[in-house]
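# Coordinates in review
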Amino acid sequence: MGKNTTTKISLYEIEKNTYLVDTPGFQTMDIYEIETKDLDKYFIEFKNHVEECEFVGCTHIKEENCGIKNAIQNGKIDISRYENYIKIYNDLKDKEEHKW
Ligand SMILES: [Zn+2]
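Calculation criteria
- Residues numbered from 1 in each chain as written.
- Predicted model: local features only at pLDDT ≥ 70, side-chain atom pairs only at ≥ 80, totals over all residues.
- Heavy atoms only, no water.
- Helix = DSSP H or I, 4+ residues; strand = E, 2+ residues; numbered from the N terminus.
- Buried < 20%, exposed > 50% of the residue type's maximum accessible area, 1.4 Å probe, protein only.
- Contact = heavy atoms within 4.5 Å.
- Areas by Shrake-Rupley, 256 points an atom, 1.4 Å probe, with all protein chains shown as cover.
- Phe/Tyr/Trp six-rings, centres within 6.5 Å; stacked < 30°, edge-to-face > 60°.
- Donors = N, O, S within 2.8 Å, 3.2 Å for Na, K, Ca; no water.
- Tetrahedral: all angles 85-135°; square planar, octahedral: opposite > 155°, others 65-115°.
- Expected span 1.5 Å × (residues − 1).
- Arc of directions from axis to C-beta.
- Salt bridge = Lys/Arg side-chain N within 4 Å of Asp/Glu carboxyl O.

## Notes on the overall build of the chain
Counting its regular elements, the chain contains 3 helices and 2 strands. Traced from its N-terminal end to its C-terminal end, the chain shows the element sequence β-β-α-α-α. Going through the 100 residues of the chain one by one, you find that 33% of them count as buried. Summarising the internal contacts of the chain: among those between residues at least 6 apart in sequence, 48% fall at separations of at least 24. Here the chain has roughly 7,000 Å² of accessible surface; of this, 49% comes from carbon and sulfur atoms.

The following block contains the structure:
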């Protein structure tokens, strides 16, 4: 089971499959420690828009009325960051489904 990490940190993709974790004390991090439901917390620019999502626990992928998707359409979130999010999300989902 994943740790219940509430520390606010941010992930930046600096190269393909290489992530810089912006948090005091950590230089690198296994992104697979993150649970899919927590992933949006690691994208700082998503934070202000998550509360606009219609559904609690919105994954920002398939849902309608998603604050993140709206923010992208309004140019408030960079599409490349969102694509990055989806990529990591799918990786994590895959990992979670094969965990047991
Ligand atoms: Zn959403």
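## Focus: the packing of aromatic side chains
Enumeration over the complete set of coordinates arrives at 5 aromatic pairs. Their ring planes at 55 degrees and their centres at 5.3 Å tell us that Phe 46 and Tyr 85 sit as a pair that is tilted. Of the two residues, Phe 46 is situated in the loop between β2 (18-22) and α1 (47-50) and Tyr 85 in helix α3 (residues 79-97); the sequence distance between them amounts to 39 residues. Here Phe 46 and Tyr 85 have matching classes, each one buried. Taken together, Phe 43, Phe 46, Tyr 82, Tyr 85 and Tyr 89 form an aromatic cluster joined through their ring pairs.

## As for the side chain of Arg 81
Within the secondary structure, Arg 81 is located in helix α3. Using a relative accessible area of 12% as the deciding quantity, one classes Arg 81 as buried.

## Quick look at the coordination of the zinc ion
Four donors placed tetrahedrally around a metal ideally meet at 109.5 degrees, and six donors placed octahedrally ideally meet at 90 or 180 degrees. Distances from the zinc ion to its protein donors, namely Cys 53 (SG), Cys 58 (SG), His 60 (ND1) and Cys 66 (SG), fall within the range 2.0 to 2.3 Å. The coordination sphere of the zinc ion comprises 4 donor atoms, whose angles at the metal cover 103 to 116 degrees; the geometry is tetrahedral.

## Details of α3
The terminal C-alpha atoms of α3 lie 27 Å apart, and with 19 residues this matches the ideal 27 Å at 1.5 Å per residue to within 8%. What α3 keeps buried is the set Arg 81, Tyr 82, Asn 84, Tyr 85, Ile 88, Tyr 89 and Leu 92. The arc that holds every buried residue of α3, seen down its axis, measures 150 degrees, which confines them to one face.

## Re the pattern of salt bridges
Applying the stated criterion across every chain, the model contains 4 salt bridges. Salt-bridge contacts for Asp 38 lead to Lys 41; the nearest nitrogen and oxygen are separated by 3.1 Å. Relative accessible area serves as the criterion here: at 13%, Asp 38 is assigned to the buried category. As a salt-bridge pair, Arg 81 and Glu 45 come within 2.7 Å of each other at their nearest N and O atoms. Of this pair, Arg 81 sits in helix α3 while Glu 45 sits in the loop between β2 and α1; the two residues are 36 residues apart in sequence, bridging distant segments of the chain. One salt-bridge network, in which partners are shared between bridges, spans Glu 35, Lys 37, Asp 38 and Lys 41.

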